[in-house]
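# Understanding the architecture of this molecule
What follows is each chain in one-letter form.
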Amino acid sequence: MEIKVDVHTVHPARTDRRPPQPKATWCTPDSTPIHTTLTKTRSNIETKSELQDGQNKDRDLSQLQKVQLFSPSPPPAYKSENDITQADTELKEFKLPSSNDNSPTIPPASEDKLDAIIETPQSPVPSSPSYHQKCQKFAQLSALRDLFVPIDPQGPHYISWLFIMTISYSYNAWCIVLRATFPYQTPSNTSIWMACDYLSDVMYLLDTVFVKPRLMFLHEGFWVDDLAETRKNYRKKSQYKFDVISLLPLDLLYIYFGTNKVILRFPRLLKLQTFWEFHQAIDRVLASPYVVRIGKMLFYIFYLIHLNACAYYAMSDYIGLGSNGWVYDNQGSAYIRCFYFATKTATSIGKNPKPENTIEYLFMTAAWLMGVFVFALLIGQIRDIIATATRTRTEYRKTLDGSRSYLRRLNMPVTLQRRVASWYDYTWSKQRCFDEPRILNSLPSNMKRDVALEVHMTTLSKVQLFRDCTDSLLRDLVLQLRPVCFLPGDVVVRRGEVGHQMYIISSGECCVMSQDEKEVLATLQEGSVFGEISLLGIDGLRRRTATVRARGYASLFALSKSDLDAALKHHKQAAQVLRIRADQIIRENAARQTKQRMIRLEAKKSVSIHEDEGIVRRRLSNTSTSSNLTIEGARRQRSASALSKRRLSAVSESGVVDQNQAATLAVTCDRARTPVPTIVLSGE
Ligand SMILES: Nc1ncnc2c1ncn2[C@@H]1O[C@@H]2COP(=O)(O)O[C@H]2[C@H]1O
């Protein structure tokens, strides 16, 4: 058989799960030329192998085999020229279908690399190799219809079935007692009651005969799906006995006692386990199980009141309806009145009619005791349910209040207090819990990793480092990532400080600032990595090369130096990628600094030239100003002396000078910066 291979590179197809790639995935700024190269790194190699067979040439030529391979290891940005050669090598390694396979199968398209590393949940784990086939069949046909398929006890089909069974059980639980005490079953509606009864009986029968015996079960850590085993397992349980007893056809005795003896259906109430099972199952499945738990509690409360109401009516009927002040007086709707009475007694709310004989006293005492104990228990449970539901929020409030009062006690500035409060607010809105590590730590490590991967998938899928390197790097690092939040303008790393952590942006933006912090060198977005240069210690650089600030609210993942070092020890390729990138940034920054220095030198030069010119000009202007001043001074002196002379002559003419005139004269002299004449200005 001759194989023709046609290899060409294509850009990756996006999967649904992965959000669109941001512009600056890797923290290199948009302006950086390498950015364009790096964004192309996730190239797939799609190979089309055309199979030709000498004998079946026409048919085989139409069958093209498409295979998608991910470009493997070293950073693809630096191996783009070798893509074709590598693809050839990969193709050689690729196992072709055997020559006798006439219908070439199309291998599944390779899954998204990051998606694939999260292990699928194992519920239930198959015990036999035929499990997957069975499950496919299980999905195609309705499992409850196919009698030869085991049933997954956690699957949606079984939970739906349990719901139907719960309705049947609730019908029996409420109506058997109701019809046995109240006169609600009359000859005219007996057929309707009977139809409902037998419908519920059919459900009971199906459950006991066809559903429960096929339920898979866990045995020594494996799910047993063998039908003989599942049947045996069901029969061993006490539930089986109750289920069988609940189906006892005591209603055959209707023939003897009449259809009004509904109490004969009492065994139906023994199927209580199915009711509990439904609540357990739905509790596991629902996002907010508290609703179900409260619903169950309310069911119990109303059922107890219902029983109480039925007992009250039965007692009243026994004593005689309306025969005294305590019994039901046969007015209005019997059930509503009795239910009202039972509620009042059980909750001890309202004025209860006074019992008049021993039996009534006994009834009331029992009803009150039931009210006190059962309701105390139920209300306590409801309180627990609500407390559990709001526990995380309560803890958050406690932490916030504690930190607030602490800061107030220390007399911290109000602005700082506000910053702390807004940090708490933001962190809560982002993470919805402050003790994520504690919750995760209770899980086994592989599960913890899967949870962390699933939770942070959106961000991590955008980190170019994880795309370029092996899956195991992400799996090794994901548990070491610590979520941290920053407020707008917060300094994440400061230039010159010793680096202890590197960061991945989960949401928000961060700005890399220039040396003087006046210019933004790069704006880093979701999925960008920064702070790695000082951790790698390239060229002995252990200190931060730039200040990075949060632009708005920013959520980041911090990775400590020790964790990074430990990971890079085993992932040489990742270390190489980081180094190459760090080298590039260092070179870029150095070039930028040199350029700035040149600009500053130029500016200095031009400033000094201007300064020289200025000095010359100033000197010249100083000389001219001083000569001007001299001329002006002489002029002023002359005019002042002329004025004083004039006034003096006037004084000598009149022979009298008053105080005012003297003052005016003095001022005039002063203004003219001339000494006050030494002549004594007086009437004498
Ligand atoms: N020009 C730049 N472009 C993008 N990121 C940068 C630039 N300069 C510095 N950084 C990042 O800012 C970080 C500051 O701390 P580090 O020196 O540890 O690592 C640095 C880089 O990750």
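Residues numbered from 1 in each chain as written. Predicted model: local features only at pLDDT ≥ 70, side-chain atom pairs only at ≥ 80, totals over all residues. Heavy atoms only, no water.

Per an unreviewed UniProt entry, the recorded name for the protein is Cyclic nucleotide-binding domain-containing protein, and the organism is Spodoptera exigua. A UniProt comment under Subcellular location (unreviewed entry) is attached to the protein, and it reads "Membrane". (UniProt positions renumbered as here; feature names shortened; annotations may be inferred.)

The next thing to look at is the packing of aromatic side chains. Using the criterion set out here, one finds 25 aromatic pairs in the structure. Centre to centre, the rings of Y256 and F257 are 4.9 Å apart; their planes meet at 85 degrees, and the pair counts as edge-to-face. Overall, the relative accessible area of 45% leaves F257 in the partly exposed class. Linked through ring pairs, Y169, W174, F275, F299, Y300 and Y303 together constitute an aromatic cluster. (Phe/Tyr/Trp six-rings, centres within 6.5 Å; stacked < 30°, edge-to-face > 60°. Buried < 20%, exposed > 50% of the residue type's maximum accessible area, 1.4 Å probe, protein only.)

Before going further, it helps to spend a moment on the UniProt feature "transmembrane region" (unreviewed entry) in the protein. Taking the UniProt record as the reference, the feature "transmembrane region" (unreviewed entry) is found at residues 297–315 and 361–382. As annotated, residues 297–315 comprises 100% helix and 0% strand, and the C-alpha atoms at either end are separated by 27 Å. The span residues 361–382 is 100% helix and 0% strand, and its two end C-alpha atoms sit 31 Å from each other. (Helix = DSSP H or I, 4+ residues; strand = E, 2+ residues; numbered from the N terminus.)

Our next topic: the site of the ligand. What surrounds the ligand is a group of 19 residues, the closest being G531, E532, S534, T545 and N589. A distance of 2.6 Å is found between an oxygen atom of the ligand and a side-chain nitrogen or oxygen belonging to S534. Between the ligand and R544, the relevant distance is 2.9 Å, taken from an oxygen atom to a side-chain nitrogen or oxygen of the residue. Notes on the ligand: free accessible area 460 Å², of which the protein chains cover 100%. Applying the majority rule of atoms within 2 Å of the grid points places the ligand in the largest cavity. Every element with two or more residues in the shell around the ligand is listed here: α22 (533–536) and α24 (572–654). Looking at the shell around the ligand element by element, the count peaks at five residues for α24. Tallied by class, residues from the shell around the ligand come to 10 nonpolar, four polar and five charged. (Near = heavy atom within 4 Å. Polar contact = N/O pair within 3.5 Å; in protein donor to acceptor, adjacent residues only side chain to side chain. Areas by Shrake-Rupley, 256 points an atom, 1.4 Å probe, with all protein chains shown as cover. 1 Å grid on protein atoms, 1.4 Å probe; cavity = no way out; pocket = protein on both sides within 12 Å on 5 of 7 lines; lining within 4 Å. Sits in = over half its atoms within 2 Å of the grid points. Nonpolar A, V, L, I, M, F, W, Y, C, P; charged D, E, K, R; others polar.)

For sheets, the rule is that strands pair by backbone hydrogen bonds, running either parallel or antiparallel. Judged by pairing direction, the sheet is antiparallel, and its four strands sit side by side in the order β6-β13-β8-β11 without closing on themselves. Both edges of this open sheet fall to β6 (482–486) and β11 (529–530), since each of them pairs with a single strand only. As paired elements, strand β8 (residues 501–507) and strand β13 (residues 554–560) share six bridges and run antiparallel to each other. Counted as the bridge partner of I505 is L556 from β13. In this fold helix α16 (residues 414–431) packs onto β6, β8 and β13, with an angle of close to 135 degrees to the strand it touches most, β6. In this fold helix α23 (residues 561–570) packs onto β8 and β13, with an angle of close to 65 degrees to the strand it touches most, β13. (Pairing = 2+ DSSP bridges. Contact = heavy atoms within 4.5 Å. Axes fitted to C-alpha atoms, helices over the stretch in contact; angles between N-to-C directions.)

This paragraph deals with the packing of helix α11 (residues 272–285) against helix α12 (residues 290–319). Contact geometry of α11 with α12 gives a least axis separation of 10 Å together with a crossing angle of 155 degrees. It follows from the interaxial angle that α11 and α12 lie roughly antiparallel. Contacts between α11 and α12 involve F275, W276, H279, I282 and D283 from the first element and V292, R293, K296, F299 and Y300 from the second. Among the residues making up the contact of α11 with α12, the classes are represented as six nonpolar, one polar and three charged. (Parallel < 35°, antiparallel > 145°, perpendicular 65-115°, else oblique.)

The subject of this paragraph is the nonpolar core. By size, the foremost hydrophobic cluster in this structure holds 50 residues, and its most contacted members are Y158, F182, Y312, W326, C338 and F363. Those elements giving two or more residues to this core turn out to be α6 (156–181), α7 (190–211), α11, α12, α13 (334–347) and α14 (358–389). Lining this core are residues from two domains, each supplying at least three of them: domain 1 (144–285) and domain 2 (287–432). If you look at the next biggest cluster of nonpolar residues, it comprises 31 residues, including V478, L559, L564 and I586. (Core = buried A, V, L, I, M, F, W, Y, C linked by side-chain atoms within 4.5 Å. Domains from an automatic or database assignment.)

Strands sit in the order β7-β12-β9-β10 across an open sheet of four strands; the sheet is antiparallel. Here the strands that pair on one side only, and so sit at the sheet edges, are β7 (491–493) and β10 (520–524). Taking each pair of neighbouring strands and ignoring which way they run, the sheet shows an average axis angle of 30 degrees. Direction of pairing for strand β9 (residues 510–513) relative to strand β12 (residues 547–550): antiparallel, over a ladder of four bridges. Note that in β12 the partner of V512 across the bridge is V548.

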